[in-house]
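Now for the letters of each chain:
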Amino acid sequence: MQYAKLIDISKCVGCRACEVACKEWNETGIDDPKEHPFGYQSHEDLTYRTWNVVKFFELGNKKSDLIVNKTDQFNENLETDHTKDKLLFQYDALLGPEPGNLIETNLGSESELESEEINYSVWQVTKFFNQNTNITNQHEIPKWMFRKHGCMHCTEAACIKACPVDALTRNNELGYVRLNVSTCTGCGYCVDACPFDVPKLDSGAIWGFGKVSKCRLCSDRIQHNKQPACVQSCPPNALEFGLRSEMVKLGQNRIDDLKERGYKDAYLYGENELGGLNVLTVLPSKPKDFDLPENPKVPEYLNTWKKVVQPLGVLAIAGTALMLGFSFVNNLLQGSKKGDSH
Amino acid sequence: MDEDTNNNSLIIVPKRVERIKLHERISHAVNALGFLLAAGTGLVLFYKGLKKLSGGTRSRQLHRVGAALMISAPFFVWGKDWQGWKKTWREITYFSKEDREFLKRAPMYMLGFPVKMPPQGKFNAGQKMNFLMVTFNSAGFVLTGGLLMLRRHLPEKAFPYLIIAHDIQAIVGICGFMAHAYLALLHPDTRPSFRAVIDGTVPVEYALGHHALWSESQKHKLD
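Colleague: Give a description of the overall build of chain B that names residues and reports values.
Modeller: Within chain B one finds 8 helices and 4 strands. In chain B, the order of α-helices and β-strands from amino to carboxyl end is β-β-β-α-α-α-α-α-α-β-α-α. Projected onto its principal axes, the C-alpha positions of chain B cover 75 × 40 × 35 Å. Counting the 223 residues in chain B, one finds 24% classified as buried. Partitioning the contacts of chain B with sequence separation of at least 6, the portion at a separation of at least 24 is 62%.

So, in structure tokens, the structure goes:
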């Protein structure tokens, strides 16, 4: 009776309540803001203290770089910080998640729109794009989408195979990958193995003082019949939690619905990947658009390393011990022979 | 000292002869301690049967201490006597006809069969091989271990090669160490040499038997 979380990207508004709820429930603390420069996302990626991050994506065109990378230019074009914050917020709200909002906006002249705050902001954003990029066609304006990124709780989890001390194990009954922090050595082999780049090491790990961390699917909550904190907090119900079979069904229904609405590449990610993930994601388009591997796999080197090199190593050490043991006994026998001959 | 009074003359024959100098012994001890620490804690990450000994991050911290000791070991020799090290290195890397013959007979000798070994210099061919293995393996450990520590700054593809290379080096090092320790502690022929790593001396009979060419070259010191 495995459970699963269903993330419906087509419903997510990018509010990041799930991030906050996760931090509050798990008491993971905050990251140093200096390490996370300004951008739409709260964090560029997951961190030791941040087990889920709402990633921002665009469907159609890859123009998000303009927002993140042209920050300085963006700042120069805006009069005050207040205007900048307001504009960014409104731009975010106006463009996602429904595709094509801006395309249908009838942009007038600056003077006509000045009285209408929202439309004026849209005009400013559009003007910014037109001035600073080569965007001329309104259809190329990006459409924002958000994906909650965190542990996928794979059935065939690469992290479990990589862990040398079984600090990572799978609870097959409930369907999640648990992390035993006290056993973890902080070697980081799981970090290298995970195809989703999920486990993160504490900063002291390089000197042997840090451990790894990742989402535990709020195992303490689900064992007491409560939903994970992120699911509990999601305002538009973009996150659902329940029996995996039911979540798959729910996800498939959403895919059918999206396909009917014109999202031809809509796909339920995690139904079959890596033996089935316990975090399913309703994707309006291809996985690569959302920074997900098309065909995630347990890295091949794990087999070479764990099933060939390590057993051969144990065999070599045991063989050496055996040979030396033989030599020791043989020496004793040879010595007693010498003694007899004298 | 024994006093030989034959032929009415007094000849003082030492029972033991110095073979390893103090700074070399310190270097050897630091390297051995470092290797034991690094190998012991490394095996915890290598063989799942030892997982209960990991002690969380403690094993990785000790692994680094072991590595630091191993890295520091050669500096005791290089710092004290650089010229002596160069001479030793020349000696170690030269394999004479006797050395090659020694290596041919070494497997049977290692297995405990009575084999007459050819006369050897200060270092026999087996010791030379061990010295070279330790030197190159240690250099490999520093390279792969250091890069593993810095792997977050390297391409993802580097990790499998580094970890597998580090493991293979560890296997070679551990097997070599086992044979080395066996010869020093348990093998009846070579066991008398063990005190050399403590007080630097070996019995004269041992030196004459196992390092005949070197003993010959040391005779002038007794004249």
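Colleague: Summarise the overall build of chain A; cite the residues concerned and give the values.
Modeller: A count of helices and strands for chain A gives 12 helices and 10 strands. For chain A, buried positions account for 36% of its 342 residues. Within chain A, residue pairs in contact and separated by at least 24 positions form 65% of the contacts whose partners lie at least 6 positions apart.

Colleague: For the sheet that holds strand 10 (residues 279-283) of chain A, give the residues involved together with the corresponding values.
Modeller: Residues and elements named next belong to chain A. Taken in spatial order, the 4 strands make up an open sheet running 8-1-10-9, and their pairing is mixed. Strands with a single pairing partner mark the edges of an open sheet, and in this sheet they are strand 8 (239-243) and strand 9 (267-269). The mean inter-strand angle of the sheet, taken between neighbouring strand axes irrespective of direction, is 25°. In this structure, strand 1 (residues 3-8) lies alongside strand 10, joined through 4 bridges in parallel fashion. Bridge pairing in strand 10 places Asp 8 opposite Val 282. The sheet contacts of helix 11 (residues 244-260) involve strand 1, strand 8, strand 9 and strand 10, and relative to strand 8 the element is tilted by about 135°.

Colleague: An account of the nonpolar core is requested, with residue identities and associated values reported.
Modeller: In terms of nonpolar packing, the biggest core is built from 75 residues, with Cys159(A), Cys163(A), Cys190(A), Cys194(A), Cys230(A), Leu239(A) and Leu280(A) touching the most fellow members. Setting aside residues no more than four positions away along its own chain, Cys190(A) makes contact with Cys159(A), Ala162(A), Cys163(A), Leu168(A), Pro199(A) and Val212(A). Core analysis: the second largest hydrophobic core is formed by 7 residues, Leu37(B), Ala67(B), Ala73(B) and Phe141(B) among them.

Colleague: Give me the interface of chain A and chain B: which residues, what numbers.
Modeller: Between chain A and chain B, the residue contacts involve 35 residues of the former and 34 residues of the latter. In terms of residue count, the dominant contributor to the side of chain A that touches chain B is helix 12 (residues 300-341) of chain A (20 residues).

Colleague: Tell me about unusual backbone geometry, and please be specific about residues and values.
Modeller: Residues and elements named next belong to chain A. Residues other than glycine seldom take positive phi values, yet Asp 197 does so here, at roughly 55°. Counting through the fold element by element, Asp 197 comes out in the loop between helix 8 (189-193) and strand 6 (200-201). Even without being glycine, Leu 274 reaches a positive phi, approximately 45°.

Colleague: I'd like a description of helix 1 (residues 22-46) of chain B, backed by residues and values.
Modeller: The end-to-end C-alpha distance of helix 1 of chain B, which contains 25 residues, comes to 35 Å, matching closely the 36 Å that a straight helix rising 1.5 Å per residue would cover. For helix 1 of chain B, every residue scored as buried is listed here: Glu24(B), Ser27(B), Asn31(B), Gly34(B), Phe35(B), Leu37(B), Ala38(B), Thr41(B), Gly42(B), Val44(B), Leu45(B) and Phe46(B).

Colleague: Quick one: what's the story with the environment of Ser203(A), residue by residue and with numbers?
Modeller: Mapped onto the elements of the fold, Ser203(A) is located in the loop between strand 6 and strand 7 (212-213). Put simply, Ser203(A) and Tyr48(A) are 155 residues apart on the chain and 8.1 Å apart in space, counted from C-alpha to C-alpha.

Colleague: Explain the environment of Lys55(A) to me, and be specific about the residues and the numbers.
Modeller: Counting through the fold element by element, Lys55(A) comes out in strand 2 (residues 53-59). In this structure the C-alpha to C-alpha distance between Lys55(A) and Gly29(A), which are 26 residues apart in sequence, comes to 20 Å.

Colleague: Any chance you could break down the pairing of strand 10 of chain A for me, citing the residues and the numbers?
Modeller: Residue and element names in this part refer to chain A. Counting buried positions over the 5 residues of strand 10 gives 5, a clear majority of the element. Sheet topology places strand 9 next to strand 10; 3 bridges connect them, and they run antiparallel. Bridging across to strand 10, Tyr 267 finds its partner in Leu 283.

Colleague: Just give me the short version of the environment of Arg16(B), but keep the residues and values in it.
Modeller: Residues and elements named next belong to chain B. Among the secondary structure elements, Arg 16 is positioned in strand 3 (residues 16-18). Taking the C-beta count within 10 Å as the criterion, Arg 16 has 18 such neighbours and is therefore assigned partly exposed. Through-space distance from the C-alpha of Arg 16 to that of Trp 78 is 27 Å; in sequence the pair is 62 residues apart. Those residues in contact with Arg 16 that sit more than four places away from it in its chain are Thr 201, Val 202, Pro 203 and Val 204.

Colleague: Hey, could you go over the packing of helix 1 of chain B against helix 2 (residues 58-80) of chain B for me, with residue numbers and the actual values?
Modeller: Residues and elements named next belong to chain B. Look at helix 1 against helix 2: their axes get within 7 Å of each other, and the N-to-C directions meet at 160°. With respect to their mutual orientation, helix 1 and helix 2 come out roughly antiparallel. The crossing of helix 1 and helix 2 is left-handed.

Colleague: So what's going on with helix 1 (residues 17-26) of chain A? Residues and values would help.
Modeller: Residues and elements named next belong to chain A. For helix 1, the set of buried residues is Cys 18, Glu 19, Ala 21 and Cys 22. Down the axis of helix 1, the sector holding all buried residues measures 165°, keeping them to one side. Trailing helix 1 by a residue or two, Glu 27 shows a phi angle of about 50°, which is positive.

Colleague: How would you sum up the packing of helix 1 of chain B against helix 6 (residues 158-185) of chain B? Please name residues and give values.
Modeller: All names here are of chain B. Following both chains from N to C, one finds helix 1 and helix 6 inclined at 130°, their axes separated by 11 Å at the closest point. By the angle between their directions, the pair helix 1 and helix 6 is classed as oblique. Regarding helix 1 and helix 6, the two cross each other, and that crossing is left-handed. Residues Phe 35, Ala 39, Gly 42 and Phe 46 of helix 1 form the contact with helix 6, whose participating residues are Asp 167, Ala 170, Gly 173, Ile 174 and Phe 177. Residue composition of the contact of helix 1 with helix 6, grouped by class: 6 nonpolar, 2 polar and 1 charged.

About the criteria used
Residues numbered from 1 in each chain as written. Chains lettered and ligands numbered in written order. Predicted model: local features only at pLDDT ≥ 70, side-chain atom pairs only at ≥ 80, totals over all residues. Helix = DSSP H or I, 4+ residues; strand = E, 2+ residues; numbered from the N terminus. Buried ≥ 20, exposed ≤ 12 C-beta atoms within 10 Å, placed from the backbone. Contact = placed C-beta atoms within 7 Å. Pairing = 2+ DSSP bridges. Axes fitted to C-alpha atoms, helices over the stretch in contact; angles between N-to-C directions. Core = buried A, V, L, I, M, F, W, Y, C linked by C-beta atoms within 7 Å. Expected span 1.5 Å × (residues − 1). Parallel < 35°, antiparallel > 145°, perpendicular 65-115°, else oblique. Left-handed = near helix turned anticlockwise from the far one by under 90°. Arc of directions from axis to C-beta. Nonpolar A, V, L, I, M, F, W, Y, C, P; charged D, E, K, R; others polar.

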